[in-house]
Amino acid sequence: MEMVKRSKKQDEMNVNDPFMTLQNDMNVEILMKLPPGSIARLHFASKHLSSIILGKEFTELYKTRSSTQPRHLVSVHGGHPYVWMHRFHSISQEYPSSNHDKVSCSVDPYGPCLATYDFTPPVRGLIFGRHCSNMVVGNPGTGQFVFLPRVETTHQCILCVFGYDPVNDVYKVLCMTVVTKHTPCVAMSEVHQVITVGAKEKWRRVECKYPYHHYPGYQEICRDGVIYYLASYKGKKSLMRFDLSSEDFNVTKLPEDQKLQRFGEMVNHTGKITVATTLLGCIDPVDLWVLEDVNKEVWSKTVVVVPSLPERFGMSYEFVFKGILGTGEMIFAPRTTPSPSPNPFFFVCYNPEGGKFRKIEIDELVDYPVFIQVFVDHVESYMVLSRVC
């Protein structure tokens, strides 16, 4: 994946800019048909198009169209020794057999060749990844990634969550590290640090009045400027909330359900905060706990019985529930670590109403894929990131 950068001959190209001879409506129509990477490159190649691309009208038009056409996003890391690479596959949720975009990249060209970045769910077109203390924010649609400053910690137990603050129109990363105090009878405490994605920003500490322990490896969800994630509070699994604008923390109790407390994990569900429970990788049944009122802590429960996926798609695979689309379809993907990856790789869409399955195959993966992540409801963006963070 190459950085989106300014052409050395930009001034000469702007003199003979062919887009200046076209009406703005025609230029907008052309841009709307292009993938995000092409729009980002034209931003630097054409001065006339750049004024349109950066304009509020086109930005809102593109954002509106993208939000109504969410996509699957598959992150793949693999390759041969010293030739490792990363690839993002963007797939239409409505027409998965067509309009399949692939972007290959080297997320960390100066890091270890085997560095595998664990990404959080994409937010408004951007995605956050971490490998040990190395952290990047990128746009998988344009192929641009920028590094964040290293967080100040000597501990490996780190949880990072990523979200968008609509009040201030900025992206932020919240990093939580565990500090173990060796004094007897003193429990672990959390250190919280926040960084705003942008030029010359630094990590800064924020206070949390709720003593809790986070769960590394669990998925978080960003909704309307608030990041939700699961944690242990007062000995019970609870829903933590971090407001990206005020940078305040709050806690929402989970229902007193034994299965929910032991096996509950957050899943993507269009417009709703949902915790799903499955037992030891089994898919039958799936309990869906939906947060109906965050202030009153009101939850509703739905139980969905799903036919055995291993029997239909391979007994050697353990399937993981990834989320629910706006269509009501449930997404299940094979767990790729430590289990072997299917060849070709695929994930499954299940419609509870009709009881039908759709199998989505991903071709042209990188060689020897070692780590694959599947995300749903990805909204593409042509946003160009600031290089210096």
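Whatever comes next refers back to the structure up there.
Residues numbered from 1 in each chain as written. Predicted model: local features only at pLDDT ≥ 70, side-chain atom pairs only at ≥ 80, totals over all residues. Heavy atoms only, no water.

Focus: the overall build of the protein
A count of helical and extended segments in the protein gives seven helices and 25 strands. For the protein, the proportion of its 389 residues judged to be buried stands at 50%. Of all intrachain contacts in the protein linking residues separated by at least 6 positions in sequence, the fraction that spans at least 24 positions is 52%. Carbon and sulfur atoms form 52% of the exposed surface of the protein, whose accessible area is close to 19700 Å². (Helix = DSSP H or I, 4+ residues; strand = E, 2+ residues; numbered from the N terminus. Buried < 20%, exposed > 50% of the residue type's maximum accessible area, 1.4 Å probe, protein only. Contact = heavy atoms within 4.5 Å. Areas by Shrake-Rupley, 256 points an atom, 1.4 Å probe, with all protein chains shown as cover.)

A word on the sheet that holds strand β19 (residues 286–293)
Strands pair in a sheet through their backbones, by hydrogen bonds, and they do so in one of two ways: parallel or antiparallel. As summarised here, the arrangement of the eight strands in space is β20-β19-β18-β17-β21-β22-β23-β24, forming an open sheet in which the pairing is mixed. Of all the strands in the sheet, just β20 (298–304) and β24 (356–362) have a single pairing partner and so form its edges. Sheet twist, expressed as the mean angle between neighbouring strand axes with direction ignored, is 30°. Relative to β24, strand β23 (residues 345–351) runs antiparallel, the two being bridged by seven bridges. Within β24, the residue paired with N351 across the bridge is K356. (Pairing = 2+ DSSP bridges. Axes fitted to C-alpha atoms, helices over the stretch in contact; angles between N-to-C directions.)

Comments concerning helix α5 (residues 56–67)
Taking 1.5 Å of rise per residue, the 12 residues of α5 would be expected to cover 16 Å, and the 16 Å separating its terminal C-alpha atoms lies within 8% of that figure. Those residues of α5 lying buried are F58, Y62 and S66. When α5 is viewed along its axis, its buried side chains cluster within an angular range of 65° and face the same direction. Of the exposed residues in α5, those oriented more than 90 degrees away from the buried face are K56 and E57. Those residues of α5 that are buried lie in contact with α2 (24–32), α3 (36–45) and α4 (47–53). (Expected span 1.5 Å × (residues − 1). Arc of directions from axis to C-beta.)

Examining unusual backbone geometry
The phi torsion at D169 lies on the positive side, around 55°, for a residue other than glycine. By secondary structure assignment, the location of D169 is in the loop between β8 (158–165) and β9 (170–179). The backbone phi angle of K234 is positive, close to 55°, even though this residue is not glycine. Turning to its location among the elements, K234 is positioned in the loop between β14 (226–233) and β15 (236–243).

Regarding the environment of T142
Along the chain, T142 falls in the loop between β6 (134–139) and β7 (144–147). The spatial distance from the C-alpha of T142 to the C-alpha of Y382 is 6.3 Å, given a sequence separation of 240 residues.

Things to note about a nonpolar patch on the surface
On the surface, L22, M26 and I30 cluster together into a nonpolar patch covering about 220 Å² of accessible area. Tracing the sequence through the fold places L22 in the loop between α1 (10–15) and α2. (Patch = residues over 30% accessible without salt bridge, like charges linked within 9 Å, V, L, I, M, F, W, Y side chains within 5 Å. Salt bridge = Lys/Arg side-chain N within 4 Å of Asp/Glu carboxyl O.)

Some thoughts on the pairing of strand β25 (residues 369–378)
The element β25 is largely enclosed, with a buried count of seven among its 10 residues. Sheet topology note: the strand β1 (residues 71–80)/β25 ladder contains seven bridges and is antiparallel. Of the residues in β25, the one forming a bridge with V74 is V374.

What about the sheet that holds β7?
If you walk across this open sheet you meet the four strands as β4-β5-β6-β7, and the pairing is antiparallel. Each of the sheet's edge strands pairs with one partner strand only, and the pair in question is β4 (118–119) and β7.

Considering α2
Residues spaced three or four apart along an α-helix face the same direction, because each turn holds 3.6 residues. Three or more residues of α2 are buried, namely N27, L31 and M32. Relative to the axis of α2, the buried residues are bounded by an arc of 130° and lie together on one face. The secondary structure elements touched by the buried residues of α2 are α3, α4 and α5.

Description of the side chain of Q144
Topologically, Q144 is positioned in strand β7. In this structure Q144 comes out as buried when scored by relative accessible area, which is 1%. Polar side-chain contacts of Q144 include one of 2.7 Å to the backbone nitrogen of L385. (Polar contact = N/O pair within 3.5 Å; in protein donor to acceptor, adjacent residues only side chain to side chain.)

A few points about the nonpolar core
The biggest cluster of nonpolar side chains holds 38 residues, and the ones touching the most others in it are V137, F162, V173, L174, Y212, Y229 and F249. Mapped by element, the contributors of at least two residues to this core are β6, β8, β9, β10 (189–196), β14, β15 and β16 (249–253). Top contributing element to this core by residue count: β8, with six residues. Counting residues in hydrophobic clusters, the runner-up holds 18 residues, among them V267, M330, V348 and F357. (Core = buried A, V, L, I, M, F, W, Y, C linked by side-chain atoms within 4.5 Å.)

Let's talk about the packing of aromatic side chains
The tally for this structure, following the rule as stated, stands at 19 aromatic pairs. Plain terms: the ring middles of Y212 and Y229 are 6.2 Å apart, the flat faces sit at 55° to each other, and that makes the pair tilted. On the criterion of sequence distance, the pair formed by Y212 in strand β12 (residues 212–214) and Y229 in strand β14 is long-range, its members being 17 residues apart. For the ring pair Y350 and F357, a centre distance of 4.7 Å and an interplane angle of 40° mean the geometry is tilted. (Phe/Tyr/Trp six-rings, centres within 6.5 Å; stacked < 30°, edge-to-face > 60°.)

Quick notes on the pattern of salt bridges
Inspection of every chain in the model, using the stated rule, returns 11 salt bridges. Of the charged contacts, one joins K63 and E60 as a salt bridge, the two residues approaching to 3.3 Å between their closest N and O atoms. A residue pair is termed a helical-turn pair when its members lie 3 or 4 positions apart in one helix, as K63 and E60 do in helix α5 at three residues. With a relative accessible area of 30%, K63 lands in the partly exposed category. The partner of E380 in a salt bridge is R71, and the shortest N-O contact between them spans 3.6 Å. In this pair, E380 is assigned in the segment after β25 and R71 in strand β1, connecting sequence segments 309 residues apart. You can call R71 buried: its relative accessible area is 6%. What emerges from the salt-bridge pattern is a single network uniting K172, R204 and E247.

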